[in-house]
Structures are given as C-alpha cells and as structure tokens.
Amino acid sequence: MNRGVLAFLLGVAATCARAAAPATPLDQYLDGLRTLRTEFSQTVVDGKGQELQKAEGKLVIVRPGRFRWELTPAGNPSAQLMIADGKNLWFYDRDLEQVSVKPATVLTATPASLLSGAGDVRTLFTVSLAGRRDGLDWVKVVPKTGDADFREAQLAFTRGELKRMVLKDKLGQTVRLDFLTSARNVPVPDAEVEFSPPAGADLIGTPVS
C-alpha cells in the first residue's frame, strides 16, 4: 500500500487548528486528544470495485509527534511497521528485513503532519461536513495542494467516536478502515513509540540523532 496513504490514515487521528470554519465531528474528536490506542480492519479495492487487499492493523498515537502503525495483510503474519519517534520516521518491512528512515521533518510537508502535531488541518486541507448516512456523521477532507497521494478522505463518527474512514487515492483505489476498538488518553509506554533497527536488517537512510 502507498506509504503516503498510510501516513494520511495515521495523520487524521492527530492535530486540528481551531479556525473560524464551523466545527465538525472531526474537531470534536481531536479536542483534548493526547493519546489513542486503536485496532482496525482495512480493505483496499480498485476503481472497478475489485478487492485488492484485506488487512488488520493497530495504531498508537502520542501527541505531538509520535505514533506506531502496524499493518498485517491477510495471509501474511509479518506486519509492516511504521514509527515516528519525534526525530525520525521509520518504516520496517519484516519480509524484506529492510528498514527505511527519514527525518521527522518530512512529515511537515505531508498529510502525516496532522499526526505529528506540526500541521494546521485547515491550512493543508479543506474540511467540511458531509452529511449523515449509514447511521454515521461524515466529514470530508480534501488536500489543498496537488502533491498529496490521495484525492479525498471521508471520516465517519458516531457518538463522538471515529468509526470508519474511506479514502480515495490518485490511482483510483479506495481504502476503507473500520475502527474496531479504541482507547482514548490512556498511558502509552515510551518503548511503543521508539525504534532501533533489528540486527541484520538493511538500513536505508541516516537517522537524526
């Protein structure tokens, strides 16, 4: 799956500026959010509606600037891992035994900046109410620049909790996440949002010390 898409899916659970625009369920959800621990299911389909991938995932957020994202595709016990530790963004592919690292500053130019706490949601995106359907209250998020890896995302809430996300990327694929369990503002050990490359893994990039 495109890493920019992953980054965005992680970013929506992060920071939101209080602008003059009408408050949405997304604003209310992010208000006072310090940490989040959630599990989700993911389905990816192509432009014709054909299923390309099913996966299960776990997400841990520590605002500002840190997260842990694990995605396990169906039929593959090796989860892909992405960690932002406040200084670096790490991506670990267990199948390839390969670690990629970039400075966390790259998040300021991507949708993942929403997760890092360094971005202003209404500076980077147009956020608007998208009505009610399927018993859920929807919010639409559209990038303001053309360099994002997605065209739009719609987030669905019920009783103030994020329940579903539907994201459309530039390749015509649609990613749907259904959030199964969530724990808000719970303790998160520092070790969960830290990373050291495993012995023997190939390292691409130079971490910021």
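Conventions adopted
- Chains are numbered independently. Their residues run from 1 in the order of the written sequence.
- At least 70 in pLDDT is required for a residue's local features to be given in this predicted model, at least 80 for side-chain atom pairs to be given and counted, and no such filter applies to totals for whole chains, interfaces and linings, which use all residues.
- Side-chain numbers come from the whole structure's heavy atoms, not from hydrogens or water.
- Secondary structure elements follow DSSP: runs of H or I of four or more residues count as helices, runs of E of two or more count as strands, with numbering from the N terminus.
- Relative accessibility under 20% of the residue-type maximum defines a buried residue, over 50% an exposed one, and the middle range a partly exposed one, all with a 1.4 Å probe and only protein chains included.
- In this analysis, two residues are considered to be in contact whenever any of their non-hydrogen atoms come within 4.5 Å of each other.
- Only the protein chains shown count as covering a residue, and every accessible area follows the Shrake-Rupley method with a 1.4 Å probe.
- Take a side-chain nitrogen of Lys or Arg and a carboxyl oxygen of Asp or Glu: if they are within 4 Å of each other, that pair is a salt bridge.
- DSSP-based pairing: two strands are paired if at least 2 bridges between them are found.
- N or O atoms within 3.5 Å of each other form a polar contact, as long as, within protein, one can give a hydrogen and the other can take it, and as long as residues adjacent in sequence are counted only when both atoms are side-chain atoms.
- A pair of Phe, Tyr and Trp rings is counted when the ring centres sit within 6.5 Å of each other, with Trp represented by its six-membered ring. The angle between the planes then sorts it: under 30 degrees is stacked, over 60 is edge-to-face, the rest tilted.
- Only when the NZ of Lys or the CZ of Arg is both within 6 Å of the ring centre and within 35 degrees of the ring normal is a charge said to sit over the ring.
- Only buried residues count toward a nonpolar core, which is a set of Ala, Val, Leu, Ile, Met, Phe, Trp, Tyr and Cys residues joined through side-chain atoms within 4.5 Å.

K.L.:
In this structure, what is going on with the overall build of the protein chain? I would like to understand it.
P.N.:
Across its full length, the protein chain holds four helices and twelve strands. Counting only residues that meet the buried cut, the protein chain has 45% of its 209 residues in that class. Intrachain contacts of the protein chain at a sequence separation of at least 6 include 48% that bridge at least 24 residues. Entry remark: accessible area of the protein chain is about 10200 Å², with carbon and sulfur atoms responsible for 50%.

K.L.:
Quick question: what am I supposed to make of the pattern of salt bridges here?
P.N.:
In a structure, side chains of opposite charge can pair up when their charged atoms sit close to one another. Per the stated rule, a full pass over the model turns up eight salt bridges. Within this structure, Asp 134, Arg 164, Arg 176 and Asp 178 form a network of salt bridges that share partners.

K.L.:
Teacher, can you tell me more about the pairing of strand β5 (residues 88-93) here?
P.N.:
With six of six residues buried, β5 lies mostly within the body of the structure. Neither face of β5 is exposed, since Asn 88, Trp 90 and Tyr 92 on one face and Leu 89, Phe 91 and Asp 93 on the opposite face are all buried. Relative to β5, strand β4 (residues 80-85) runs antiparallel, the two being bridged by five bridges. Paired with Ile 83 across the bridge in β5 is Trp 90. Linking two consecutive strands that pair antiparallel, namely β4 and β5, is a turn of two residues; a positive phi of about 100° is found at Gly 86 within it. Pairing of β5 with strand β6 (residues 98-103), which is carried by six bridges, proceeds in the antiparallel orientation. Each bridged residue has a counterpart across the sheet, and for Asp 93 the counterpart in β6 is Gln 98. Following β5, the chain reverses through four residues before pairing antiparallel with β6; Glu 97 in that reversal takes a positive phi of roughly 50°.

K.L.:
What exactly am I supposed to notice about the side chain of Thr 43 here?
P.N.:
Within the secondary structure, Thr 43 is located in strand β1 (residues 35-45). Separated by 3.1 Å, the side chains of Thr 43 and Lys 54 make a polar contact. What Thr 43 contacts, discounting residues up to four positions off in sequence, is Glu 51, Gln 53, Lys 54, Thr 174, Val 175 and Arg 176.

K.L.:
Please clarify how the packing of aromatic side chains should be interpreted in this entry.
P.N.:
Aromatic ring pairs are reported here in terms of the distance separating the ring centres and the angle at which the planes meet. For the structure on display, the rule yields five aromatic pairs. Judged by centre distance (5.7 Å) and plane angle (55°), the rings of Tyr 29 and Phe 157 are tilted. You can see Tyr 29 sitting in helix α2 (residues 25-30) and its partner Phe 157 sitting in strand β9 (residues 150-158), a full 128 residues away along the chain. Take Tyr 29 and Phe 157: they sit in the same class, and that class is buried. Taken together, the aromatic side chains of Phe 40, Trp 69 and Phe 179 make up a single cluster linked through ring pairs. Sitting over the ring of Tyr 29, Arg 184 keeps its end group 5.4 Å from the ring centre.

K.L.:
Explain the nonpolar core to me, please; I cannot follow it from the model alone.
P.N.:
Proteins that are soluble and globular tend to have nonpolar side chains buried together. Leu 26, Trp 69 and Leu 155 are the most contacted members of the largest nonpolar core, which has 32 residues in total. Sort the elements by how many residues they give to this core and β9 lands first, with four residues. Counting eight residues, the second-largest nonpolar core is a separate cluster that includes Tyr 92, Val 101, Phe 195 and Ala 201.

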